[in-house]
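A structural walkthrough
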Amino acid sequence: MLEKQIIPVDQLLPNKLFIIPLIGKPIFPGIFTPLIIESSHDLEVIELSLAGDNMIGLLLDKEDSEEEIETDSLYSIGTAAKIVKKINLPDGGVNIFISTLKRFKVKKFLSDSGPTIAAIDYLEDENDTSLEVKALTRSLLSEMKQLSENNPLFSEEMRLNMVNIDHPGKIADFITSILNTEREVQQRILETIDVQKRMEDVLVFIKKEQELLRIQKKIQKKINSKIEKSQRDYFLREELKAINQELGMNVDSKTSEFNRLKDAIENFKFESEVKEQVERELDKFSMMDPNVSEYIVTRNYLDTIVSLPWNKSEPKEIDLESSRKILDKDHYGLENVKERILEYLAVRKLKKDTKGSIICLVGAPGVGKTSVGISIARALDKQFFRFSVGGMRDEAEIKGHRRTYVGAMPGKIIQGLKITKTSDPVFMIDEIDKMGSSYQGDPSSALLEVLDPEQNLAFRDHYLDIPFDISTILFIVTANTLDTIPRPLLDRMEIIRLSGYIEEEKIAIAKKYLIPKSLKKSGLKRKDIRYHKSALSAISVNYAREAGMRNYEKALDKIHRKLAKKVVLKEIEPPFILNSDNLEDYLGKQRFREEEIKKITKPGMAVGLAWTNFGGDTLLIESINIPGKHGLTLTGQMGEVMKESANIAFSYVKHIAMNHNVKQEFFDKNTIHLHIPEGATPKDGPSAGITMASTILSLSSGKQIKNNLAMTGELSLTGQVLPIGGLKEKTIAARRNKIKTIIIPDANSRDLEEIPEYIRKGITFHPVKTMDEVIKLIF
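Residues numbered from 1 in each chain as written. Predicted model: local features only at pLDDT ≥ 70, side-chain atom pairs only at ≥ 80, totals over all residues. Heavy atoms only, no water.

**Re the nonpolar core**
In summary, soluble globular proteins display a tendency toward joint burial of nonpolar side chains. Put simply, the test is: Residues belong to a common nonpolar core when they are buried Ala, Val, Leu, Ile, Met, Phe, Trp, Tyr or Cys residues joined through side-chain atoms within 4.5 Å. For every residue, the accessible area (1.4 Å probe, protein chains only) is compared with the maximum for its type, and the residue is labelled buried under 20%, exposed over 50%, or partly exposed between those bounds. Only DSSP runs of H or I reaching four residues or more are called helices, and only runs of E reaching two or more are called strands; each is numbered from the N terminus. In this description, contact between two residues means that some pair of their heavy atoms is separated by no more than 4.5 Å.
Counting residues in each nonpolar core, the largest one holds 56 residues, and the members touching the most others are F667, I690, M692, I742, I743, M771 and V774. At seven residues, helix α22 (residues 640–656) tops the list of elements feeding residues into this core. Ignoring sequence-local partners within four residues, the contact set of I743 consists of I690, L709, A710, M711, T712, H766, V768, V774, L777 and I778. Core analysis: the second largest hydrophobic core is formed by 55 residues, I326, V367, L578 and Y586 among them.

**A closer look at the sheet that holds strand β12 (residues 474–479)**
As a reminder, the rule being used: A pair of strands counts as paired when DSSP detects no fewer than two bridges linking them. Every axis in this analysis is a line fitted to C-alpha atoms, fitted for helices over the stretch in contact. Angles between the N-to-C directions lie between 0 and 180 degrees.
Across the sheet, which stays open at both edges, the five strands sit in the order β8-β9-β12-β7-β13 with parallel pairing between neighbours. In this open sheet, the two edge strands, each paired with only one partner strand, are β8 (384–388) and β13 (494–498). Recorded for the sheet is a direction-independent mean angle of 20 degrees between the axes of neighbouring strands. Alignment of strand β9 (residues 426–430) against β12, held across four bridges, turns out to be parallel. When the bridges of β12 are listed, F427 appears paired with F475.

**A look at unusual backbone geometry**
Leaving glycine aside, a negative phi is the common case for residues, and trans is the common case for peptide bonds. In this model, K421 sits at a positive phi of 60 degrees, which is unusual for a non-glycine residue. Its location among the elements puts K421 in the loop between α15 (412–420) and β9. If you check the backbone angles, K570 has positive phi at about 60 degrees while not being a glycine. Following the sequence through the fold, K570 ends up in the loop between α20 (550–568) and β15 (576–578).

**A short note on helix α6 (residues 183–190)**
Extensive coverage of α6 is indicated by the burial of six of its eight residues. Buried residues of α6: R183, V185, Q186, Q187, I189 and L190, and no others.

**Description of the packing of helix α11 (residues 320–330) against helix α13 (residues 369–380)**
Spelled out, the test is: In what follows, roughly perpendicular refers to angles from 65 to 115 degrees, roughly parallel to angles under 35, roughly antiparallel to angles over 145, and oblique to any angle outside these ranges. For any helix crossing, the convention is left-handed if the near helix is rotated counterclockwise from the far helix by under a right angle, and right-handed if that rotation is clockwise. The residue classification treats Ala, Val, Leu, Ile, Met, Phe, Trp, Tyr, Cys and Pro as nonpolar and Asp, Glu, Lys and Arg as charged. All others, Gly included, are polar.
Contact pair α11 / α13: the axes reach a minimum separation of 8 Å and the direction vectors enclose 155 degrees. Taken as axis vectors, α11 and α13 run roughly antiparallel relative to one another. Pair α11 / α13 crosses with right-handed handedness. Touching S323, I326, L327 and D330 of α11 are S375, I376, R378 and A379, all from α13. Residue classes in the contact of α11 with α13 are distributed as four nonpolar, two polar and two charged.

**Brief notes about a nonpolar patch on the surface**
Basically, it comes down to this: Only residues whose relative accessible area exceeds 30% and that form no salt bridge are eligible for patches; like-charged ones are grouped when within 9 Å, while nonpolar side chains (Val, Leu, Ile, Met, Phe, Trp, Tyr) are grouped when within 5 Å. Note on areas: Shrake-Rupley, 1.4 Å probe, and residue coverage restricted to the protein chains presented here. When a carboxyl oxygen of Asp or Glu is within 4 Å of a side-chain nitrogen of Lys or Arg, the pair counts as a salt bridge.
A surface patch of nonpolar side chains, amounting to about 320 Å² of accessible area, comprises I215, I219, I223 and I227. Within the secondary structure layout, I219 lies in helix α7 (residues 195–247). I219 gets classed as partly exposed once you look at its relative accessible area, which sits at 47%.

**Some remarks on the packing of helix α12 (residues 335–351) against α13**
Packed helices, taken two at a time, are described by the angle between their axes plus the distance between the axes. Two elements in contact, α12 and α13, have axes whose closest approach is 11 Å; the angle formed by their N-to-C orientations is 30 degrees. Compared by their axis directions, α12 and α13 come out roughly parallel. Like other packed secondary-structure pairs, α12 and α13 cross with a definite hand, here right-handed. Mapping the contact onto sequence places V337, I341, Y344 and L345 in α12 and V372, I376 and L380 in α13. Here the residues of the contact of α12 with α13 are counted per class, giving seven nonpolar, no polar and no charged.

**A short note on a negative patch on the surface**
Keep this limit in mind: In this count, Lys and Arg are taken as positive residues and Asp and Glu as negative ones, while His and the chain termini are left out. Just so you know, the charge point we use is NZ for Lys, CZ for Arg, CG for Asp and CD for Glu.
The grouping of D263, E266, E276, E279 and D283 at the surface amounts to a negative patch. Breaking the negative patch down by element, the ones donating at least two residues are α8 (253–268) and α9 (272–286). Broken down by element, the negative patch gets its largest block of residues, three residues, from α9. Tracing the backbone shows D263 in helix α8.

Right, here's the structure in full:
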């Protein structure tokens, strides 16, 4: 009788397999697992397999896509599996149970359409008997045991299966299949035939998993400790509440806070809309759990309401003489401002009310606009609050943020009232001419309501969302120029101009205010230094020639710092006398020299007067003729209005040229180049019209204009001289530049009365109506 020959199982495996594409992760050999089949293509493959040898090949899709899969998108190495059982599902799909047997590699796909069939070669494990593999097997089992003990996702069945696996390669496969690694990494392990290399890679993954588990436990421990603390705190608070109830004390902080807010609200005696809104918020607050975020929002809102001065301030007894003394003590000059404040006080005294007002102080930097605001508050005996709107682009800065936003807060107006705790403070809004606008809103438009006496009786901040009367606030607004302030906003304010200071005024201010202030900053005493008048005059003329006093104060600070150093080093003994001779030792070389005063040296030059953001200034306008084609070239950063004035002046001079012995061919054969230094400073406005005409006429006639003569006035095309603004500032600038004669429009003659005598002294004014009168005066 012949013995039956035993055939190895791998020789019974077919060399052609129906292919099932996998999405998600690959399936390793040696595993019994369910697999749900839903697509019609795959269902057909299952039916064909069951009709034959029950074998299928599992290949992972590279794209991990649920759409129709092409053979090109499949990995070439997969797992052969035997279908053990099939269960039909209600939705038309099937659930098959498979036993995976062995790795295979696709040699060739045999079908272009219909079920996918592939010719395959089975892959054998290599290098699976070495001592290193045995050691790695022990390491893997040991590490996995440790990992499974700390991870509740590893079941007891998994631990038993792992211990009972008899082949090192299958251990590595099983561990990879249960670790949470990327699909590409698992496919790479599936494609690794060298068992030692496979096990080394799996050991690295186990170490990573252990590190992740360690971090996870650390985070969980932190969270648990926080939860335990909050629970403990809760129980302790409840116990404390019960103890307080027994002792008859305040129950808790929330009740105490509620009672405080309730008492404050009742004291204000709110009415109508305000009363309804506040009581509704208070009721909502009483029912809130202190642990919810809305509790803090509502408490802050109610806290803001009770912090505001809802009750009207009582009118104070006003002493005009005392207020005048305070204003005179704090500031030299500025008669217009002082007079306006005293008028405001007189009206308040007669009416016995606290109605506010809106004043706009316009002037060059350093003339004392901000310090005037502080002085006004002192004179009125009121609280002072200042904020700057320079560069502000968000209207919520003025009117607040709505409470729906995280971190919402009221605008500057309500914040100021909360800080000053009075309903009639002095508010200074600085740099109103430097506001911007953006997608977040236009702050200047928001100020329209704030600065309108008809509307600010019921100002509505976005945060409060209830009306608040701010009509009793005295608003003082400051600006360097009015050009950039919107017209509707400008109409709501009373404009008071603060002109620059002349040399005599600067010396008086330095003696009375700046020197004592600077000495105090430097730690020196009044007796340590004596200023000669020549030194104070030299500082004004040679170092601080601008309209304001900032550079003058900086010069004094510099002198006192150097003196302080010499006193400490005992290089000098007080008192020290400072005069014009030793001034350069402390301030360095002069910034302005006598020769820098604008002088006319040839035909084609004229001195004009201008008003800028920095006060009055003198302009030396120059022109030359260039032989060639006719025309007019303009340089010196002129604005559009000034360019139009230059063209009018050019046309007018060409029109009258024959009357002054200038031939027409001079203009036909020459380009006139007109320039206004300094080239980097922007200039605009029509007031240089007669100066540009005089320059061109001087050039074309070859006559030089008188020195120490300046002019200002707009020129019309028919030769009329039209009025200009800022005459006082221009006169101050002329005085600083040693001008003796000024030509002004006749319509500005009335403005001369507003210029103090000490500023006009030594200057001759010539009011003119036409350009012909100008021409008679300049040559």
